[in-house]
Every structure is written in C-alpha cells, then in structure tokens.
Amino acid sequence: MSPVSSDGSAGPPPAPSLPPAGPLEPWPDTVRWQSISSDLIWVELIRLALVLVVLALGLGVGWAFSGSGFLGAALGVVLLFGVLRGVTIVRAVRAWGYAEREDDLLVRHGLLVRRLSIVPYSRMQFVDVSAGPLERAFELATVQLHTAAAASDARVPGLRPAEASRLRDRLTALGEDRAEGL
C-alpha cells in the first residue's frame, strides 16, 4: 500500500523545487566566480585615510582657532563617516568578482545595490590595464573593458599584474575571434 500524502492523494508528496533565479538575483550560481585580491582593501583604506586626514586637519585647525561648536561637530561627523566607510570598504571589496564564460565576461560588485555586468566578447572594442601609485605599491592592477556603449564598460580591479595581463590577452583574443564573424 502506498503512503497517503497530507492532501489525501496516494504517493509521496512532490519534492519542493527551487524557484528560478529572477532578475533581482544577479549572481548566477552556474558560473565559477574569481575573486579579486584582498590587498585592494588596503589600497582603498589608504585612499580613505588620506582624504580623512586632510578633512580632519582642516576642521581641527579651524575648530582650535575659532572654538566653533559647528566645526567640532563637523569633525566628529567626518571621523564617524570614516569609520563607517572603512567597514563598508572591506565588504565592498569582497563583493567584487568576475567569471569568464564561453561568449562573455561577467563582472559583479556592490553591497546595497548589487550590479552584474555582462560584456559579450564580440562587443569589446579594447581592453585597458591600469595601475596607479597605490596599486603598484601593492602589486595590483585594474582591467577595464571598453565597448561601443559607454554605460556598459566594465572593470575588474584588484588583480595581480600577471592575472591582469593574462585576462587582457585572453579577452583581446576572444574579442578578435568573435568580431570576425560579424
């Protein structure tokens, strides 16, 4: 005799199925995501510290000479903002990732507003690798993909130079191969 399910029908209850990923679930689980270097956290924290030092010094000197409560409060707000931004930098850097698929490159990032950019290899016009002074100090580089649509440009920061060069060369080769068919 077969078991009776809770709704009175014979047989086991149907297995619950997972809902399909919708447009608000931008991180597809079907790809293998590559993370970026966690050294980018230090680069971003140093950038933040430089800005905060300039602002805090200006407000602190103004507060010391004028004794204005407004400048003291502004200094406190700037320092609080710096602490909060420091925490979000750590989480934001860990949210970055990229995945190479057969026909396109996926780039994800964002905390509150999660963003997934899909750049077809055939639409790429050129690939740029850059590294500012702080990135070079931490041996990091950024790969920037340029397409005809300015809004669709994607970038992958925090890559080691060897990985940035490999990705640049691979994307360039795939872009040339896919563009030949157009």
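Each value, and the rule that gives it
Residues numbered from 1 in each chain as written. Predicted model: local features only at pLDDT ≥ 70, side-chain atom pairs only at ≥ 80, totals over all residues. Heavy atoms only, no water. Pairing = 2+ DSSP bridges. Helix = DSSP H or I, 4+ residues; strand = E, 2+ residues; numbered from the N terminus. pLDDT = per-residue confidence, 0-100. Contact = heavy atoms within 4.5 Å. 1 Å grid on protein atoms, 1.4 Å probe; cavity = no way out; pocket = protein on both sides within 12 Å on 5 of 7 lines; lining within 4 Å. Points joined across faces, edges and corners; volume = space filled by probe spheres on them. Buried < 20%, exposed > 50% of the residue type's maximum accessible area, 1.4 Å probe, protein only.

A.B. asks: Lay out the sheet that holds strand S4 (residues 115-120) with the relevant residues and their values.
C.D. replies: Pairing within the open sheet is antiparallel, and its four strands lie in the order S1-S2-S3-S4. What marks the edges here is a single partner per strand, and that holds for strand S1 (34-35) and S4. Across four bridges, the pairing between strand S2 (residues 97-100) and strand S3 (residues 104-109) is antiparallel. Along S3, the bridge assignment pairs Gly-97 with Arg-108.

A.B. asks: Which residues make up the pairing of S2, and what values go with them?
C.D. replies: Sheet topology note: the S1/S2 ladder contains two bridges and is antiparallel. If you follow Ser-35 over to S2, its bridge partner there is Gly-97.

A.B. asks: Pulling in residues and values, what's your account of the confidence of the model for the protein chain?
C.D. replies: Put simply, the protein chain has an average pLDDT of 83, and 80% of its residues get 70 or more. Taken element by element, the protein chain is modelled with least confidence in helix H4 (residues 161-180), mean pLDDT 85, and with most confidence in helix H3 (residues 133-137), mean pLDDT 95. Scored below 50 in pLDDT, residues 14-20 makes zero contacts in the model with residues more than four places away or belonging to other chains.

A.B. asks: Would you mind going over the layout of surface pockets in detail, with residue names and values included?
C.D. replies: Taken as a whole, the largest pocket encloses approximately 210 Å³ of empty space. Lining the largest pocket are 13 residues, and of these Leu-40, Glu-44, Val-93, Trp-96 and Arg-155 sit closest to its centre. Secondary-structure elements contributing two or more residues to the lining of the largest pocket are helix H1 (39-66), helix H2 (69-95) and strand S7 (154-159). For the lining of the largest pocket, the element with the most residues is H2, which contributes four residues.

A.B. asks: Explain the pairing of S3 to me, and be specific about the residues and the numbers.
C.D. replies: By the criterion of burial, S3 is predominantly enclosed, with five of the six residues buried. Joining the antiparallel neighbours S2 and S3 is a turn of three residues. Of the strand pairs in this sheet, S3 and S4 are connected by six bridges, and their pairing is antiparallel. Within the sheet, the bridge partner assigned to Leu-106 lies in S4 and is Ile-118.

A.B. asks: Report on unusual backbone geometry, specifying residues and quantitative values.
C.D. replies: Its identity as a non-glycine residue notwithstanding, Glu-139 has a phi of 55°, on the positive side. By secondary structure assignment, the location of Glu-139 is in the loop between H3 and strand S6 (141-147). Given the relative accessible area of 53%, Glu-139 is considered exposed.

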